[in-house]
Amino acid sequence: AQKITQTQPGMFVQEKEAVTLDCTYDTSDPSYGLFWYKQPSSGEMIFLIYQGSYDQQNATEGRYSLNFQKARKSANLVISASQLGDSAMYFCAMRDESNTGNQFYFGTGTSLTVIP
Amino acid sequence: DVKVTQSSRYLVKRTGEKVFLECVQDMDHENMFWYRQDPGLGLRLIYFSYDVKMKEKGDIPEGYSVSREKKERFSLILESASTNQTSMYLCASSLRPLAGKYEQYFGPGTRLTVT
């Protein structure tokens, strides 16, 4: 069963505008973590932001914020003031904190293109 | 800085060959993971290991095996490479706490082509 769903294969945003990348997840475990990663064309995976299932406030890291709606099981990434360097693939991931290995589940990704 | 290294960035092998992909991390992480990444499919977990000599199957273990003899090293083995195993292979490592902001750290990836 798909644990992480990213429904936007590709997104475009004008430079300096904000953009929201969607992510929904599926788990029955009360303890889990949600992550967003960026993968530029060079291929490396860069960790952006984390949200714990018990965190009361939405996570923020600079221009990145996570819109966490627990009841709807969504964890959307908001990038404010988009820059050309934000063009990349973005992956949402969930760590299941119930099993021994803390397995991560990744979505299929969203390709973001920032237009000058 | 956490560093995860993979033995090759690019690899070309023939069908039927035995292929070894090596991954080494230098931060004493308990967990190590092997993924393959294909366009439109995201990252799919092949195997992971939460301790030396321990391994668990991920979503797509068929055609692969793994070895973890030392904590810092996790090897992915393609017993008899096939063309449908042409892909980008990513290794990752992480701490194994009960909960918290313990993200995975990724290697640069190995692009394997099987001809």
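Only a predicted model underlies this, so the values are computations on that prediction, with no experimental measurement involved. (Residues numbered from 1 in each chain as written. Chains lettered and ligands numbered in written order. Predicted model: local features only at pLDDT ≥ 70, side-chain atom pairs only at ≥ 80, totals over all residues. Heavy atoms only, no water.)

Caption draft 1: Structural context of the packing of aromatic side chains. Tallied over the full model, the rule gives 14 aromatic pairs over all chains. Ring centres of Phe 35 of chain A and Phe 104 of chain A lie 5.1 Å apart, and the angle between their planes is 50°; on these two criteria the pair is classed as tilted. Of the two residues, Phe 35 of chain A sits in strand 5 (residues 32–39) while Phe 104 of chain A sits in strand 11 (residues 104–106), which places them 69 residues apart along the sequence. Seen from their ring centres, Phe 106 of chain A and Phe 106 of chain B are 6.0 Å apart, and the 80° between their planes marks the pair as edge-to-face. With Phe 106 of chain A in strand 11 and Phe 106 of chain B in strand 10 (residues 105–106), the pair connects residues from two separate chains. Residue Phe 106 of chain A is classed as buried on the basis of its relative accessible area, which comes to 8%. (Phe/Tyr/Trp six-rings, centres within 6.5 Å; stacked < 30°, edge-to-face > 60°. Helix = DSSP H or I, 4+ residues; strand = E, 2+ residues; numbered from the N terminus. Buried < 20%, exposed > 50% of the residue type's maximum accessible area, 1.4 Å probe, protein only.)

Caption draft 2: Up close: the environment of Gln 39 of chain A. Within the secondary structure, Gln 39 of chain A is located in strand 5. You can call Gln 39 of chain A buried: its relative accessible area is 9%. In this structure, the C-alpha to C-alpha distance between Gln 39 of chain A and Leu 77 of chain A, residues 38 residues apart in sequence, is 14 Å. In contact with Gln 39 of chain A, other than residues within four places in its own chain, are Glu 44, Met 45, Ala 88, Met 89 and Phe 91 of chain A together with Gln 37 and Leu 90 of chain B. (Contact = heavy atoms within 4.5 Å.)

Caption draft 3: Spotlight on the pattern of salt bridges. In the structure shown here, the tally under the stated rule is eight salt bridges over all chains. One salt bridge connects Arg 63 of chain A with Asp 86 of chain A, and the closest N-O pair in it is separated by 2.8 Å. Of the two residues, Arg 63 of chain A is situated in the loop between strand 7 (60–61) and strand 8 (64–69) and Asp 86 of chain A in the loop between strand 9 (74–79) and strand 10 (88–96); the sequence distance between them amounts to 23 residues. Residue Asp 38 of chain B is joined to Arg 36 of chain B by a salt bridge in which the shortest nitrogen-to-oxygen separation is 2.9 Å. Of the two residues, Asp 38 of chain B and Arg 36 of chain B, neither departs from the other in class, the shared state being buried. (Salt bridge = Lys/Arg side-chain N within 4 Å of Asp/Glu carboxyl O.)

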